[in-house]
Amino acid sequence: MCIGRMRLILVPSNACGVIHMAIKYGWYYRLSEFFRKRFGHRIYKIPVHAAFTCPNRDGTIGSGGCTFCYNPSFSLAVAQEGISVREQVEQARAQKKKKYPKARFLVYFQSYTNTYGEVEHLRNLYDQALAAAEDIVGLAIATRPDCVNREILDILEGYAKRYHLWLEYGLQSAHNATLDRINRGHDCETFIKAVQETKGRGIFISAHIILGVPGERREQMRQTVELLNRLAVDGVKFHHLQVVKNTPLANDYLRGQVQTLTLDEYIPLICDLLEHLSPRIVVHRLVGETLDHDLLLAPHWEKQKSLIIQDIESELKRRKSYQGFLYRKL
Ligand code: SF4
């Protein structure tokens, strides 16, 4: 039964199997619902490229980068190199305003490592984004867990007092053997420390994880989700492993050393993980996306993202399940 956007569903209790009714905002906690609850309406993200690099590329930590990473494959903003952050925001905002005059925005520092720089430089970039218009409600900043320190977190805390602020940490897996295999250049303990040092500052914390990394078992992916539950992060982005050109992973794939998940494997997998995910963690993304299809080597699922999401919801519905159905507080 649907009541507006709310869906009234009959679900077995996760505690003792007794049937009870739950009023839920769909089958999982979407970012769009989080924004509606907080701001009363939809918030649009404006991705920007701020000409950062990454310590796993420039030789500070490593020079090859993570084996799967080729930023132009997932960030449209990379194409805007050479245009100031403020101009990027103004241009994207003006476009969106034509269609949605009442739109409000979150500026997304997406490409590479967006806290990798001197504090004054970071402040200048974030200020440019926030000063571009009054309807910018805040920032989302993607970074590595080894690229924050007390000084950077202090300035982010200052922004969080005045704006809405998400700090997105790339984790990918809670298993150090996996992190080594994909050449992350940091371990899981570094992520845990970064999350602990970010907590209590009014900053919303999310984590990116990748499903289907070669050598990882389903059980290990569940353990990654359980780590996020234990740390009580605020959000998660799920990606499936994608092999894109110009990456070390592509070389392994072309040598026949990498297998990617089929859609038929991914849907039950992501549903299993959602069932274990704490119901209070906001799901920012359910599936990865390669924006330039010419760059994608595998997998080719030949299905639009919106239809894949529908399939995931249908599977949860078929199971009479939902995010957190098997969640246990540890
Ligand atoms: S995924 Fe992030 S951390 Fe890894 S090489 Fe790419 S930009 Fe750097």
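For the structure, see preceding data.
A brief structural summary. From a predicted model like this one, the values you see are computed outputs, not experimental measurements.

What follows is about the state of the cysteines. Summed over all chains, the structure comprises zero disulfides. This cysteine, Cys147, is not joined by any disulfide, and Cys54 carries the nearest cysteine sulfur, 6.8 Å off. You can call Cys147 buried: its relative accessible area is 9%.

Quick look at the site of the ligand now. Neighbouring the ligand are the residues Cys54, Arg57, Gly65, Cys66, Phe68, Cys69, Asn71, Tyr112, Arg144 and Arg184. Considering only residue class, the shell around the ligand consists of five nonpolar, two polar and three charged.

Next up on the list: the pattern of salt bridges. With the rule as written, the count across this model stands at 25 salt bridges. With its nearest N and O atoms 3.6 Å apart, the salt bridge here joins Glu197 to Lys193. Of the two residues, Glu197 and Lys193 are both situated in helix 6 (residues 188-198); the distance of four residues between them amounts to about one turn of the helix. Relative accessible area serves as the criterion here: at 36%, Glu197 is assigned to the partly exposed category. The salt bridge involving Arg319 is made with Glu275; its shortest N-O contact spans 3.3 Å. Within this pair, whereas Arg319 is found in helix 10 (residues 305-319), its partner Glu275 is found in helix 9 (residues 263-276), the two being separated by 44 residues in sequence. Residue class for Arg319 comes out partly exposed when judged on its relative accessible area of 23%. On the basis of relative accessible area, Glu275 is assigned to the buried category, the value being 7%.

Cut-off values and rules
- Residues numbered from 1 in each chain as written.
- Predicted model: local features only at pLDDT ≥ 70, side-chain atom pairs only at ≥ 80, totals over all residues.
- Heavy atoms only, no water.
- Disulfide = S-S within 2.5 Å.
- Buried < 20%, exposed > 50% of the residue type's maximum accessible area, 1.4 Å probe, protein only.
- Near = heavy atom within 4 Å.
- Nonpolar A, V, L, I, M, F, W, Y, C, P; charged D, E, K, R; others polar.
- Salt bridge = Lys/Arg side-chain N within 4 Å of Asp/Glu carboxyl O.
- Helix = DSSP H or I, 4+ residues; strand = E, 2+ residues; numbered from the N terminus.

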